[in-house]
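This is what each chain is made of:
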Amino acid sequence: MKFITTLMLFTVVMVQAQTENRFYATMALQDAKELQQDIPNEIEILKEFRNEAAVYMTNHASHLLHDRVLVHGPGYIRKTSASDAISSISYIPTNTSSRLVAFNITEDVIVNETLPLINTQNIEDHILELEAYGNRYHANPEGSQSANDLKTKWEAMAASYGRTDVSVRLFNHTGTNMPSVIMTIEGAEIPEEFVVVGGHLDSTSNQGNNNAPGADDDASGIATITEATRALFEVGFVPKRTIEVMAYAAEEIGLVGSAEIAAQYDNNNVNVIAVGQFDMTLYNGSANDVGFITDFTSGEITAFMMSLIDHYNNGGAHPITYGVSQCNYGCSDHASWTSRGYLSAFPFEANFGQHNGQIHSPNDTFSLTGTAEHSAKFAKLCAEFLIEASKSEGSLGVSTIEANNIQVQVNNGALSYDLSASASSFKTLSVYDIQGKLAMQTNITNTKGVVNIQKMQTGVYVVTFETTNGQSVSKKVVVQ
Ligand code: BES
Ligand code: ZN
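Note that the structure is a prediction, hence the values are computed from the model and not measured. (Residues numbered from 1 in each chain as written. Chains lettered and ligands numbered in written order. Predicted model: local features only at pLDDT ≥ 70, side-chain atom pairs only at ≥ 80, totals over all residues. Heavy atoms only, no water.)

Caption draft 1: Structural detail: the coordination of the zinc ion (ligand 2). The zinc ion (ligand 2) binds to the protein through Asp217 (OD), Glu252 (OE), Glu252 (OE) and His360 (NE2); the donor distances cover 2.1 to 2.4 Å. One way to put it: the 6 donor atoms around the zinc ion (ligand 2) meet at angles of 58 to 155 degrees, and that makes the site irregular. Given a relative accessible area of 9%, His360 falls into the buried group. (Donors = N, O, S within 2.8 Å, 3.2 Å for Na, K, Ca; no water. Tetrahedral: all angles 85-135°; square planar, octahedral: opposite > 155°, others 65-115°. Buried < 20%, exposed > 50% of the residue type's maximum accessible area, 1.4 Å probe, protein only.)

This is the structure in structure tokens:
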């Protein structure tokens, strides 16, 4: 009895102390319901939509949720207002224009020249440099300082290779004072199509924010994309599409930086054709090198990265092995792009659960592993991805005009397509949901056809047509 009274008193004090510290967020519905059971006064579910919930909760509730991450992995995404939270769980991206994806693998010469140039020591140096800030918490001066310094560093790197087609900018946010950093390599032929790779620059610690070295989470990702880009500069690679390399701010408090960037790109209809997320590449925790995260990502882009590994890293001098895994929530910045209708992949350091157990603690240091060899594999994959995704389609590719020749319509539970205006011959039709999961696949025998999709839930889907020579064209559809 005494215990219960004390507990009630404690709860009252906690609730009073936490009322000013509430904020809006989205999270997995199941997590929201569990929190509501445990601490009903600290979380309000504003709206449920499919597996997600828009909530208003205390900081304390978010810490409880965050602390469970290493056990079974719940997370949340911070939102600026109730309407922001509600609209983002039921959000249908505005940029539903068709995206051309012609992901064939043709650049053996330049890729094979690039792979041996990936320098493990450079990756180690970048990680140690970022670790030396002590913390890169978004609200601390070190967070913003690290962003300003990274801009200078990337500028110097591009300048040292004489690259006048490269610029670096800070992206200022409303949800945090820390800016993100974006390096742009202007596409030489189709600059309006973008390929993005990114990781988060900020760090956090569950023992106070001032001791958050964040070596693996996520200095390793920033180091990985930096070294991949440097190797591209060293071989003099000039992309046909525009490449953007992004260091996101304030990921650790709910994907704040990447969410604002993806929202702006969506609102401006920026045609990002593929996104690669590099968050944690240092710790070698599983039998396979890479654990591809298959939820909140695109099946197409993930499959493309897998085929890059099959092609370039199947044994030989630069071997990489891979498997698949799931976060079960939008655990990193790829989810910001996914929720805006963009296609992303997330090659992760291990299977979820076998990853570095010291993240978000003062022990997330480089010395835990003592070598950046694991990260070097991700830098190789990143370089392959940037080269092969940013080239133009090549002579065998399906051109943009071809993409426009493909008609897809959804009406009353039926998906009808008409490929008769296209010069290519097609073999399969695949439908992916917004989380990248294959929802349906069928063989194509005629240039026109109707597929029954009555069993599919409402939402946004990507319909991919694969040609007999391995090209693909994707169109987005909304099932209502
Ligand atoms: N790097 C982690 C994500 C992660 C952790 C992926 C473990 C896979 C395994 C990221 O920086 C992070 O901490 N994310 C938050 C969620 C985010 C929405 C605040 C998390 O996992 O709690
Ligand atoms: Zn983290």
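Back to the text.
Caption draft 2: Just the site of ligand 1, in detail. Residues in contact with ligand 1 amount to 20 residues; listed here are only the nearest, Tyr76, Glu251, Asp279, Tyr329 and His360. Here Tyr329 contributes a side-chain N or O atom positioned 2.5 Å from an oxygen atom of ligand 1. Between an oxygen atom of ligand 1 and a side-chain N or O atom of His360, the distance comes to 2.8 Å. In the complex, 100% of the free accessible area of ligand 1, which totals 520 Å², lies under the protein chains. The residue inventory of the shell around ligand 1, partitioned by class, reads 10 nonpolar, 6 polar and 4 charged. (Near = heavy atom within 4 Å. Polar contact = N/O pair within 3.5 Å; in protein donor to acceptor, adjacent residues only side chain to side chain. Areas by Shrake-Rupley, 256 points an atom, 1.4 Å probe, with all protein chains shown as cover. Nonpolar A, V, L, I, M, F, W, Y, C, P; charged D, E, K, R; others polar.)

Caption draft 3: Looking closely at the sheet that holds strand E17 (residues 438–443). With antiparallel pairing, the 4 strands of this open sheet are ordered in space as E17-E16-E19-E20. Two strands in the sheet have a free side with no partner beyond their single neighbour: E17 and strand E20 (472–479). Looking at each pair of strands side by side, their axes are set apart by 20 degrees on average, direction ignored. Across 8 bridges, strand E19 (residues 459–467) lies against E20 in antiparallel orientation. Counted as the bridge partner of Gly459 is Val479 from E20. (Pairing = 2+ DSSP bridges. Helix = DSSP H or I, 4+ residues; strand = E, 2+ residues; numbered from the N terminus. Axes fitted to C-alpha atoms, helices over the stretch in contact; angles between N-to-C directions.)

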